[in-house]
Each structure stands twice: as C-alpha cells, then as structure tokens.
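Observations on chain architecture
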Amino acid sequence: MSEMRVVGVLAVDDAAQQSASETNRHPVVLLQETQGKRCLQIWIGLAEAEAIALEQQGRLPERPLTHVLIADVVSALGRTLERIEITEVRGGTFYADLVFDRGLRVSARPSDSIAIALHVDVPIHATEAVLVEAGVLVDDDESGEEGSSPVPDEEEVDRFRAFLDNVSPEDFGRGA
C-alpha cells in the first residue's frame, strides 16, 4: 500500500473519442506516490473535479457540498474516517474504500473519496496492484522535487500537463 498525494485536477483531451472537428476534454485527478515516482490518472466527473479543486484551494461554498455533508454525518454518528484506499481497477474503472475506525469499510468512488479525504485531512492510499496495473512512472524532471507541497504550484501543474501531452487515456485505464 502506498500513500498518495493529490497533485491536481486537470482537463485532458480524450484522443480516443476526439473527432477531426472537435476536442473532448475531461477532468482527471492526478495522484502521485508520496515516497515514489508512480502516478495515477483517474477520470472523474465535473462535480467531483470542482469539489477536489475547491478543497485544494481551501475555498468552499457557503452551503456544504456532498462530500462535506458526508464528513459531517460521519462525525455526527461518532465515527472517524482513518484513510481512503484505492483498491482496484476493473475494466478501466477505479474502485475505492472509505476506511473507518473499528475496521469498517465502505465502497465509494475514488473521486468522492478523494474529496472527502482532502476535507477531513486523512491519507489517501493505493494498493500495489492498482499501481502496477494503472500507475505510470514519472521522471524527476517531470514530477517536481520529492517532498514538495501537497498543493501544486503552477510550475508543477505545467510539468504534469507536459507529461500528459505525451500519453493517452489508455496508458492509465479509465473510470472513476
């Protein structure tokens, strides 16, 4: 199991569904090992992309978004979220578990899980099997310096955009 950090949320061209006259852009969340060089690209929905980006920026709307509501309900019920785990990739779709105190596990989409983890400030992990199947090795000059801040700066995001320009969705697997 490897701890991951959220590098950022980006809009990526989907070359597999691109016609000659239009570009289809889809949000992806980029995760990178905190103690390694592998990263995951997980295709997510627009609402989840917004939730993750707002959490990273420390900006939340006046009324709670769904991931905040879930965190509040968990807390009100006296439970504690310990971590999230990205557990498997099946048919290009990623799966995750919310891991609570006393060993309780709840299956959830990785995109929702990541937003909740950022809000509650708990670690995000990926299994070795997920990293072997869907992880991509990123060179030091593409990923930034080890130990950098969990909130990406513009230079780091630009490096990942350049990295993404040279890969296709099939290199990562697809699905949230």
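Structural notes, computed from the coordinates. (Residues numbered from 1 in each chain as written. Predicted model: local features only at pLDDT ≥ 70, side-chain atom pairs only at ≥ 80, totals over all residues. Heavy atoms only, no water.)

As for helix α1 (residues 46–57)
The terminal C-alpha atoms of α1, which comprises 12 residues, lie 16 Å apart, in line with the 16 Å expected from a rise of 1.5 Å per residue. Taken as a whole, α1 has its buried residues at E48, A49, A51, I52, L54, E55 and Q56. Summarising the contacts, the buried residues of α1 are in contact with β1 (2–13), β2 (25–33), α2 (66–76) and α3 (110–120). (Helix = DSSP H or I, 4+ residues; strand = E, 2+ residues; numbered from the N terminus. Expected span 1.5 Å × (residues − 1). Buried < 20%, exposed > 50% of the residue type's maximum accessible area, 1.4 Å probe, protein only. Contact = heavy atoms within 4.5 Å.)

Focus on unusual backbone geometry
With a phi close to 60°, R102 is a non-glycine residue in the positive phi region. Given a relative accessible area of 69%, R102 falls into the exposed group. The backbone of D121 sits at a positive phi, close to 65°, despite the residue not being glycine. Topologically, D121 is positioned in the loop between α3 and β7 (124–126).

A look at the nonpolar core
Formed by 29 residues in total, the largest nonpolar core has its most connected members in V29, L31, L40, I86, F94, I114 and I124. Other than its neighbours up to four places away in sequence, L40 contacts M4, V29, L30, L31, F94, A126, V130, L131, A134 and G135. Judged by nonpolar contacts, the second largest core, of 6 residues, contains V7, L10, V12 and L30. (Core = buried A, V, L, I, M, F, W, Y, C linked by side-chain atoms within 4.5 Å.)

Quick word on the side chain of E48
As for its placement among the helices and strands, E48 is situated in helix α1. When its relative accessible area of 12% is taken as the criterion, E48 is described as buried. With residues up to four places along the chain from it excluded, the contact list for E48 reads R109, S111 and D112.

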